[in-house]
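Residue strings, one per chain:
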Amino acid sequence: MANSISKFKKYIDKLDEVYALSSLTAKLDSDSSLVKAGANANEIIIPKLSMDGLADYSRNSGYVKGDVTFTNETVAYNYDRGRKFDIDAMDNEETVGLAFGKLSSEFIRTRTIPEMDAFRFATYAAAKGISTVDGALLTTGEQVVAALSAAVAKMDEDEVPSEDRHLFITPVALRLVKDMDTTKSKEVLESFASITKVPQNRFYTAIKLNDGTTSGEEAGGYTKADGAADINFMIVHKTAVIQYPKHVVNKIIEPEANQESDGWLFFYRAYGLADVYENKTAGIYLHKKPV
């Protein structure tokens, strides 16, 4: 039994690696050192700074005094999801430990990570003030390149720094661009710090998180929300979003310590925040299909 526990603990340690390898949005995670706890455990504080612009200098009276306003905005965590699984000890033993190990791996890869990505994209797509192109179909490489060029130009006009712009795009749209293999198509793709292919089933303007207990929602997970649109592509400047996975729990309980059954228990919980800075909405560009 000790060997099994050791193997499972090593496997649990690998779950964070699974997240890093499989998550499409992990590159947008915020620096945890910049996050300050709020008065309540489920809040964080975001500092906001605003100031007056230049004024005329007078040779007689000198400088015109300006005002600086420093405020703190409190934001509540908006993602708290979890699951518990019970694998019978004999089922696990008879599969040489594969039942439990495969469960934890597949759960993270096929259920947890797609939902977290979908939640983040939908949250950013719903933010007020971002740049949005509605109801546009992209069926040719020329159309995709033109749309990306317009997006880059818009962000340039809005003075979004050219560094750290990340492109998230459907595989179909990206393939249309790459198949062109022209100077223009290569040039537009070189405008981004990274390019990430996002399957359409993670790429909606809104999703519904199933609670796991309501009739019809027992399987949990998420679905495309009513009235939501498919996303063609999204450009995100990393500093425009607050993406902070505060608390991720992956734990196991061996059968001897399980008071409910003779089985291995696997627990997973993800608690965090995905939001957009009010003053940096220009750092997100959304291009979506018709509903």
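All residue numbers here refer to positions counted from 1 along the written sequence of the relevant chain. Per-residue local features of the predicted model are confined to residues with pLDDT of at least 70, and side-chain atom pairs are confined, for both listing and counting, to 80 or more; whole-chain, interface and lining totals are unaffected and use all residues. With hydrogens and water excluded, all non-hydrogen atoms of the structure serve as input to the side-chain values.

**Here we look at the overall build of the chain**
Test applied: Helix numbers and strand numbers start at the N terminus; a helix is a DSSP run of H or I with at least 4 residues, a strand a run of E with at least 2. Each residue gets one of three labels from its accessible area relative to the maximum for its type: buried under 20%, exposed over 50%, partly exposed in between, using a 1.4 Å probe on protein chains only. Here, residues are in contact when the closest pair of their heavy atoms is within 4.5 Å.
When helices and strands are tallied, the chain shows seven helices and 13 strands. Looking at the chain as a whole, 44% of its 291 residues are labelled buried. Considering only intrachain contacts with a sequence separation of at least 6, the fraction spanning at least 24 residues in the chain is 78%.

**Structural notes on the pairing of strand β10 (residues 231-237)**
Formally: At least two bridges found by DSSP between two strands is the condition for calling them paired.
Counting buried positions along β10 yields seven of seven residues, so the element is predominantly enclosed. In this sheet, strand β13 (residues 284-288) lies alongside β10 in antiparallel orientation, the contact comprising five bridges. Across the sheet, F233 pairs through a bridge with H287, a residue of β13.

**Considerations on the pattern of salt bridges**
Rules: Each reported salt bridge corresponds to a side-chain nitrogen of Lys or Arg within 4 Å of a carboxyl oxygen of Asp or Glu.
For the structure shown, the criterion picks out 13 salt bridges. R269 serves as the salt-bridge partner of D80, at 2.9 Å between the closest nitrogen and oxygen. Of this pair, D80 sits in strand β4 (residues 79-88) while R269 sits in strand β12 (residues 263-276), and the two are 189 residues apart along the sequence. D80 sits in the partly exposed class, given a relative accessible area of 42%.

**As for the packing of aromatic side chains**
Stated formally: For Phe, Tyr and Trp, rings pair up if their centres lie within 6.5 Å, where Trp contributes its six-membered ring, and each pair is then called stacked (planes under 30 degrees apart), edge-to-face (over 60) or tilted (otherwise). Sitting over a ring, as applied to charges here, requires NZ of Lys or CZ of Arg to be within 6 Å of the ring centre and within 35 degrees of the ring normal.
Considering all chains together, one arrives at eleven aromatic pairs under this definition. Note on Y77 and Y244: the rings are 6.3 Å apart at their centroids and 40° apart in plane angle, and the pair reads as tilted. On the criterion of sequence distance, the pair formed by Y77 in the loop between β3 (68-76) and β4 and Y244 in strand β11 (residues 241-253) is long-range, its members being 167 residues apart. Owing to a relative accessible area of 16%, Y244 belongs among the buried residues under this scheme. Seen in terms of ring centroids, F107 and F266 are 6.1 Å apart; in terms of plane orientation they differ by 85°. Their pairing is edge-to-face. One end of the pair, F107, is in helix α4 (residues 98-125); the other, F266, is in strand β12, with 159 residues separating them in the sequence. Considered together, F107 and F266 belong to a single accessibility category, that of buried residues. What links up through ring pairs into an aromatic cluster is the set F85, F107, F266 and Y268. In this structure, R269 is placed above the aromatic ring of Y271, and the distance from its NZ or CZ to the ring centre is 5.4 Å.

**Some details on the sheet that holds β13**
Note the cut-off: Structural elements are reduced to axes, namely lines fitted to C-alpha atoms, with helices fitted over the stretch in contact, and the angle between N-to-C directions of any two is expressed from 0 to 180 degrees.
Strands sit in the order β5-β13-β10-β6-β7 across an open sheet of five strands; the sheet is mixed. Taken across any chain shown, the strands that pair with only one partner, and hence form the sheet edges, are β5 (131-133) and β7 (194-197). On average, each strand axis in the sheet is tilted by 10° relative to the strand beside it, whichever way the strands run. Looking at chain direction, strand β6 (residues 165-169) and β7 are connected through four bridges and run parallel. Note on β7: the bridge partner recorded for F168 is T196.

**Let's talk about the pairing of β6**
β6 sits mainly inside the fold: five of its five residues count as buried. Side-chain alternation along β6 places R165, L167 and I169 on one buried face and H166 and F168 on a second face that is also buried. Bridge count for β6 against β10 is five bridges, and the pairing is antiparallel. Each residue of the ladder has a partner; that of H166, found in β10, is V236.

**Structural notes on helix α5 (residues 141-157)**
Note the threshold: A helix's residues, less one, multiplied by 1.5 Å, set its expected span. By definition, the arc is the one covered by directions from the helix axis to the C-beta atoms.
The terminal C-alpha atoms of α5 lie 24 Å apart, and with 17 residues this matches the ideal 24 Å at 1.5 Å per residue to within 8%. For α5, every residue scored as buried is listed here: G141, V144, V145, A147, L148, A151, V152 and M155. Relative to the axis of α5, the buried residues are bounded by an arc of 165° and lie together on one face. Relative to its buried face, α5 has exposed residues pointing more than 90 degrees away, namely E142 and E157. Taken together, the buried residues of α5 touch β6, α6 (171-180), α7 (183-189), β10 and β13.

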